[in-house]
Amino acid sequence: MLYLDNAATTPVRPEVLEAMAPYFSRWFGNPSSHHTVGEAAADALVDARARVARVLDMRAGDVVFTAGGTEANNLAIKGVAIAAAARGARHVVTTQIEHESILESVSYLERIHGFDITRVPVDADGVLLADAVASAVREDTALVSFGYANNEVGTVQDVAGIAAAVRVSATRVPLHIDAVQAAGWLPLSAKALGVDAVSLAGHKIGASKGIGVLAVRGRIPIEPVLHGGGQERGKRSGTENVAAAVGFATALELTEAERLESAARVARLRDEFVDAVLARVPNARLTGHPVKRLPGTASFTFAGTSGEAVLLELERRGIVSSSGSACAAGSDEASHVLVAMGIDEPIAQTAVRFTFSHSHDGSLDAVADAVAGAVSAVKPGA
């Protein structure tokens, strides 16, 4: 079986498992406990926080460990916006193509707390224009939140350009990026990108499921979503998952160290694969920006088919892929991302996404042949 659904999740790296192991056994303590076993766990947590902060070019105190990317996005959006409401800021800017954890969070603010939400459109390639975001910002804007790279089509946004455009007229409005898909592929320096908050998820970069990060600058007030013992400097209560935090820091460092080499290698293989599929499959269409895209993402529509039928046929041929976001799997509705990009719903329902790992090497010609065969097999009259 060839696994090409790495945007959904990745296997845990051996180095990460090795780093985590002591915190399941010898140093298993609660980091809030004031004894030797607890203090060892607390020290490991401090170290993991500092390692993550170095990659993000932020302070260790800015790093909040969460249960994953979804919680990180919820905390960023609800936490920052609700805190800002106290000073009369009740407006949030996002886009039409975000992950469900962002879209549902802003909808919650709209429904329950009476916030005004601006959902900025994108172009046909899924690109967010800096001027469109900047013009959406108002005096009462509490937060601007959008994805660094789209989880379905892989389009990469010009984060630094968008941040610069926003700062011209709104120097103090916090900018949050969902960098869950970008980690390991794109630069993550918050300073260079010009952002104030970054969300990450461990299981996208070779760490375990159930661990994520929201890094948010200390000057930005944030209302916790989870209340209790006041862990994570009061921003996220709950006993910290020390083993997973150590694993996350290890995975993030490893992928960052390998990023330039692996991104270049995988992008070359991806381009060869895209060319092969477009040449061999009639009516195939690449979705997302042809150049400004994640190195490991190739997403297509195959007119005249069912995306789900193509996926089943591919799996029968030994290839595992997906139709888009794993969080929306099983839905009969067309992808909101593709629809927002102007793709008709019947065509959007034919989408198939292939996402490669950082370690992938070797020709993908056989995969392109399998795609051509699978599409042909499921077309009516085949």
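Residues numbered from 1 in each chain as written. Predicted model: local features only at pLDDT ≥ 70, side-chain atom pairs only at ≥ 80, totals over all residues. Heavy atoms only, no water.

Caption draft 1: Inspection of the pairing of strand 10 (residues 297–302) at higher detail. Burial analysis of strand 10 places 6 of its 6 residues in the buried class, the great majority of the element. Here strand 10 shows no split at all, with Thr297, Ser299 and Thr301 on one side and Ala298, Phe300 and Phe302 on the other all buried. Where strand 9 (residues 284–287) lies against strand 10, 4 bridges are found, and the strand directions are antiparallel. Following the sheet pairing, threonine 287 is matched in strand 10 by serine 299. Strand direction decides the pairing type here: strand 10 and strand 12 (residues 351–355), joined by 5 bridges, are antiparallel. Across the sheet, serine 299 pairs through a bridge with arginine 353, a residue of strand 12. (Buried < 20%, exposed > 50% of the residue type's maximum accessible area, 1.4 Å probe, protein only. Helix = DSSP H or I, 4+ residues; strand = E, 2+ residues; numbered from the N terminus. Pairing = 2+ DSSP bridges.)

Caption draft 2: Representation of the sheet that holds strand 6 (residues 175–178) within the structure. Taken in spatial order, the 7 strands make up an open sheet running 2-8-7-6-5-3-4, and their pairing is mixed. Edge positions in the open sheet fall to strand 2 (63–66) and strand 4 (116–120), since each of these has one partner strand only. Direction aside, the axes of adjacent strands within the sheet are offset by 20° on average. Across 5 bridges, strand 7 (residues 197–201) lies against strand 8 (residues 212–216) in antiparallel orientation. Residue pairing in the sheet places serine 199 in a bridge with leucine 214 of strand 8. The strands touched by helix 3 (residues 69–85) within the sheet are strand 2, strand 3 (91–95), strand 5 (141–147), strand 6, strand 7 and strand 8, with strand 5 carrying the most contacts at an inclination of about 165°. (Axes fitted to C-alpha atoms, helices over the stretch in contact; angles between N-to-C directions. Contact = heavy atoms within 4.5 Å.)

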